[in-house]
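# Per-entry structural report
As a plain string of letters, each chain reads:
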Amino acid sequence: MAKACGKIILFGEHAVVYNMPGIALPILNYFTNVTSYKSELFTCCNDRVLYDFEKEKLNKLIEFIFKELKLDQKIHLHIESSLPISSGLGSSASLSIALIRELHNFYNLNLTKKQINKLAYKCEKIFHGTPSGIDNTVINYEQPVFFQDKTNFIKLNKPLDFVIASTGNRPDTKEIVQEVRKKYEENKNKYQNIIEDIGLIAMKAKKSLELGNLEKIGSLMNQNHELLKELGVSSAKLNLFCEICRQNGAYGAKLSGAGKGGNMIALVDGKTKEKIIEELSILSNNVFYTRVI
Ligand code: PMV
């Protein structure tokens, strides 16, 4: 059995598509597990109910990986995932990496972590069209990453405590990225400025994470959220969730991932965590706490 974790984007979503830096963290509360068995025919079962378009994508993904790795398909695959789909927690990259890892073990391949990451990036293209590569990278290495044209790892000065709340919507990352691209092409001046400002925030945030300055990290998260609003990728629910967190003492809060739904993340501490979870649980049916070390 092989597994892969989830992720959150702490800073820089969307801007990272335009070669600005982004910061992502692994989330170890949720996993995709893939188990394989010898079989004369190819079969695959999945523990969750998928829409038809999701089934199509899954089939396409499996076919693609087998082709890239030049493998026969005499295998039964069993996929289990606790990661919510299309919520900004990296379900697609986690699935790709769990699948590649399991095939790597099952067929005794000799792939390096770098090769697995490269293949997972190609898989991400099936889901997202023009992905930056930040999702597959953080999930592959399971470490905080500062991602731009190459990957740097961030050594956190202290653990970070987050409350994560789902808005319940399942937005399509590919569509949202395309919408932002359209706006960018139509008004380069305005959107280039927003994207550069987000990039600048990610650079400042790297330093704050290395120093363990929670107030500063929280304040940068709030600023990043405002810029994502200007980019047009927030939603009333995401804004409300952020506001609730701030009013209840979070260091900062923002949307995470492509936006227009998905998840909100708030940086909290031991004193504020319980109250924030209680307040958000009235509005969201998936609120959880995670610690990133
Ligand atoms: O919604 P997610 O978790 O797939 O995050 C997408 C992040 C973007 O920056 C919007 C796209 C990308 O490829 O980096």
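Only a predicted model underlies this, so the values are computations on that prediction, with no experimental measurement involved.

### Some words on the packing of aromatic side chains
As enumerated under the stated definition, the model contains seven aromatic pairs in all. Seen in terms of ring centroids, Y30 and F288 are 4.8 Å apart; in terms of plane orientation they differ by 85°. Their pairing is edge-to-face. In this pair, Y30 is assigned in strand β2 (residues 22–38) and F288 in strand β10 (residues 287–292), connecting sequence segments 258 residues apart. Its relative accessible area of 13% is what places Y30 among the buried residues. Here the aromatic rings of Y51 and F53 are separated by 5.8 Å at their centres, their planes lie at 10°, and the arrangement is stacked. Every member of this aromatic cluster is reached through a ring pair, and the members are F42, F66, F106 and Y107. We note K3 situated over the ring of F31; from NZ or CZ to the ring centre the distance is 4.1 Å.

### Quick notes on the pattern of salt bridges
Under the defined criterion, the tally for this structure stands at 15 salt bridges. Between R101 and E142 there is a salt bridge, and its shortest N-O distance comes to 3.6 Å. In this pair, R101 sits in helix α2 (residues 91–106) while E142 sits in the loop between α4 (134–141) and β5 (145–147), placing the two residues 41 residues apart along the sequence. Relative accessible area serves as the criterion here: at 36%, E142 is assigned to the partly exposed category. Here E186 and K182 are joined by a salt bridge, their closest N and O atoms 3.4 Å apart. With E186 and K182 both in helix α5 (residues 173–186) and four residues apart, the pair spans about one turn of that helix. Judged by its relative accessible area of 58%, E186 falls in the exposed class. According to the relative accessible area criterion, K182 is exposed, its value standing at 53%. If you follow the salt bridges from partner to partner, you end up with R181, E185 and K188 in one network.

About the criteria used
Residues numbered from 1 in each chain as written. Predicted model: local features only at pLDDT ≥ 70, side-chain atom pairs only at ≥ 80, totals over all residues. Heavy atoms only, no water. Phe/Tyr/Trp six-rings, centres within 6.5 Å; stacked < 30°, edge-to-face > 60°. Helix = DSSP H or I, 4+ residues; strand = E, 2+ residues; numbered from the N terminus. Buried < 20%, exposed > 50% of the residue type's maximum accessible area, 1.4 Å probe, protein only. Lys NZ or Arg CZ within 6 Å of the ring centre and 35° of its normal. Salt bridge = Lys/Arg side-chain N within 4 Å of Asp/Glu carboxyl O.

Remember that the coordinates give geometry; whether it matters functionally is a separate question.
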